[in-house]
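What follows is each chain in one-letter form.
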Amino acid sequence: MPEVVGLDLAFDDAQQAIHDAVSQFCRDQCSDAVVKAACDRFPSGLWKSLAELGVLAIATPEGEGGASELVAAVEALGRAVFPGPLLGSLCAAQLLPKDERAAVTSGAAIVSLGCPPLLPWASEAQIFIEIVGEHAHLARPRGAIERIETLGGEPWGRLALERTAALGDARRALVLHDIALAAYLSAAANRLVEDTAEHARTRKQFGRAIGEFQAVAHPLADCWTQLAAAATLARAAAFAFDRDGREPGATPASAPSAAARLSAARAALAAVHTCHQVFGAIGITLEGPVFHVSRRIRQLASHFSGDAPARAAVLAPFDA
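Residues numbered from 1 in each chain as written. Predicted model: local features only at pLDDT ≥ 70, side-chain atom pairs only at ≥ 80, totals over all residues. Heavy atoms only, no water.

**Student:** What exactly am I supposed to notice about the pattern of salt bridges here?
**Tutor:** Side chains that carry opposite charge are capable of pairing whenever their charged atoms lie near each other. Considering all chains together, one arrives at 16 salt bridges under this definition. A salt bridge links E124 to R147; its shortest N-O distance comes to 3.4 Å. Here R147 lies in strand β5 (residues 146–148) and E124 lies in the loop between β2 (118–119) and β3 (127–132), a separation of 23 residues in the sequence. Residue R243 is joined to D244 by a salt bridge in which the shortest nitrogen-to-oxygen separation is 2.9 Å. Classification of R243 by relative accessible area gives exposed; the value is 56%. Using a relative accessible area of 41% as the deciding quantity, one classes D244 as partly exposed. Salt bridges sharing partners connect three or more residues here, namely D32, R191 and D195. (Salt bridge = Lys/Arg side-chain N within 4 Å of Asp/Glu carboxyl O. Helix = DSSP H or I, 4+ residues; strand = E, 2+ residues; numbered from the N terminus. Buried < 20%, exposed > 50% of the residue type's maximum accessible area, 1.4 Å probe, protein only.)

Structure follows, in structure tokens:
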């Protein structure tokens, strides 16, 4: 019989320490009230505290660790629904020259990264990066920035960009971006499912907790299973990144991170739909207990660069 090889994706002691430290930081400084208050504005104090913790510098030449350490931190941030331009900053830290990178990882400069004309956090940013296919360009606004409201409460902007410098091949940074996105989405959605399960345990109809009904319990169980698979794919993609693309200049395969992104986005959006059904009307009100979670999931599930490049990366071996 062929040998069966297993891969242990549990965090090692160092990664668990990172996860625990970031989790404690979020418990101390990123309560649900803080997250709700951060809608439509930049949480500058909270953001600088995160930078001081060293999270934005993980997997950079000046920081420590690789993709697996980044996943350990981002899972904790996702569970807390941490606000701010997290994914863009982590991606930019892989692309920028040393001085600009230091400004981003220290929290001194805010980055807006994506494809114009709509860019996240553009009205707050000092550094702009345009992604064109697999290449990145440092840029600056050309003309005024029109502030745009978004579902997730992030202040986006409509603008034109003028490229000022080429940042080169962005594939490595984009792979790390998708790994972080998958880890964040799966953690945030898992927190949403847990909150919903607690609501189903205490909310009663017809003299019984609604969680006792199969029509409630089974969909929540399905969500948990799908999210566990997505989280596993994110950790597996991080393992592949650290094995093949950890060194600057290396280009890791994009298929594992693409699969993780697609799985996490699908599972997280399914969880949002199911959990809203269980909560009813209070699940979709700004003052409700979970809308600040689900609105950010919806926002990030459609994050740049969309699903099309990820689908192409997953299907590439079959098209060859």
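Here the narrative resumes, following the displayed structure.
**Student:** Is there a simple way to think about the packing of helix α1 (residues 13–29) against helix α4 (residues 67–79) in this case?
**Tutor:** What describes two packed helices is the angle between their axes and the distance between those same axes. Where α1 contacts α4, the axes come no closer than 8 Å and their chain directions differ by 25°. Taken together, the axis directions place α1 and α4 in an arrangement best described as roughly parallel. Seen along the crossing, α1 lies across α4 with a hand that is right-handed. In this structure, α1 uses Q15, I18, H19, V22, S23 and C26 to contact α4, whose residues at the interface are S68, E69, A72, A73, E75, A76 and L77. When its residues are assigned to classes, the contact of α1 with α4 shows 7 nonpolar, 4 polar and 2 charged. (Axes fitted to C-alpha atoms, helices over the stretch in contact; angles between N-to-C directions. Parallel < 35°, antiparallel > 145°, perpendicular 65-115°, else oblique. Left-handed = near helix turned anticlockwise from the far one by under 90°. Contact = heavy atoms within 4.5 Å. Nonpolar A, V, L, I, M, F, W, Y, C, P; charged D, E, K, R; others polar.)

**Student:** It is not clear to me how the packing of aromatic side chains should be interpreted in this structure. Could you clarify?
**Tutor:** Ring pairs (aromatic) are described by centroid distance and by the angle formed between their planes. Applying the stated criterion across every chain yields a total of 4 aromatic pairs. Among the aromatic residues, ring-to-ring pairing joins F25, F42, W47, F82 and W121 into one connected group. Lying over the aromatic face of F213, R208 brings its terminal NZ or CZ to 4.6 Å of the ring centre. (Phe/Tyr/Trp six-rings, centres within 6.5 Å; stacked < 30°, edge-to-face > 60°. Lys NZ or Arg CZ within 6 Å of the ring centre and 35° of its normal.)

**Student:** It is not clear to me how the nonpolar core should be interpreted in this structure. Could you clarify?
**Tutor:** Inside soluble globular proteins, nonpolar side chains tend to come together where they are buried. Judged by nonpolar contacts, the single largest core of 70 residues is most densely connected at L50, L77, F82, Y184 and I297. Going through the elements one at a time, α1, α3 (44–52), α4, α5 (86–92), α7 (171–202), α8 (214–244), α9 (255–279) and α10 (291–301) are the ones with two or more residues in this core. Among the elements that line this core, the one with the most residues is α7, at 14 residues. Setting aside its immediate chain neighbours within four residues, L77 contacts V22, C26, L50, V55, F82, L86 and Y184. (Core = buried A, V, L, I, M, F, W, Y, C linked by side-chain atoms within 4.5 Å.)

**Student:** What should I look at first to understand empty space enclosed by the protein in this one?
**Tutor:** Where empty space is left can be seen by rolling a probe of water-molecule size over the atoms. According to the stated counting rule, one finds 2 cavities of 30 Å³ or more in the structure shown. Each pocket or cavity is described by its volume, and for the largest cavity that value is around 100 Å³. Around the largest cavity sit 14 residues that line it, and V35, C39, P83, G152 and R296 are the ones nearest its centre. Here the lining of the largest cavity is composed, by residue class, of 6 nonpolar, 4 polar and 4 charged. Roughly 90 Å³ of internal volume is contained in the second largest cavity. Lining of the second largest cavity is provided by 14 residues; of these, P85, G88, P120, W121 and H303 occupy positions nearest its centre. Mapped onto the lining of the second largest cavity, the elements with two or more residues apiece are α5, β1 (111–114) and α10. Considered class by class, the residues forming the lining of the second largest cavity number 8 nonpolar, 4 polar and 2 charged. (1 Å grid on protein atoms, 1.4 Å probe; cavity = no way out; pocket = protein on both sides within 12 Å on 5 of 7 lines; lining within 4 Å. Points joined across faces, edges and corners; volume = space filled by probe spheres on them.)

**Student:** Help me understand the confidence of the model for the chain, please; the structure alone is not making it clear to me.
**Tutor:** Atom-level detail of predicted coordinates should not be read off regions where pLDDT is low. Per-chain confidence: the chain averages 92 in pLDDT, with 97% of residues scoring 70 or above. Highest mean pLDDT in the chain belongs to α4 (98); lowest belongs to helix α11 (residues 307–319) (81). (pLDDT = per-residue confidence, 0-100.)

**Student:** Teacher, can you tell me more about α1 here?
**Tutor:** Between its first and last C-alpha, α1 extends 24 Å over 17 residues, near the 24 Å set by a 1.5 Å rise per residue. Among all positions of α1, only Q15, H19, V22, S23, F25 and C26 are buried. Buried residues in α1, looked at end-on, bunch into an arc of 160°, giving them a common side. Of the exposed residues in α1, those oriented more than 90 degrees away from the buried face are D13, R27 and D28. In the core, the buried residues of α1 are packed alongside α3 and α4. N-capping of α1 is provided by D12, with a side-chain oxygen placed 3.1 Å from the backbone N of A14. (Expected span 1.5 Å × (residues − 1). Arc of directions from axis to C-beta. Polar contact = N/O pair within 3.5 Å; in protein donor to acceptor, adjacent residues only side chain to side chain.)

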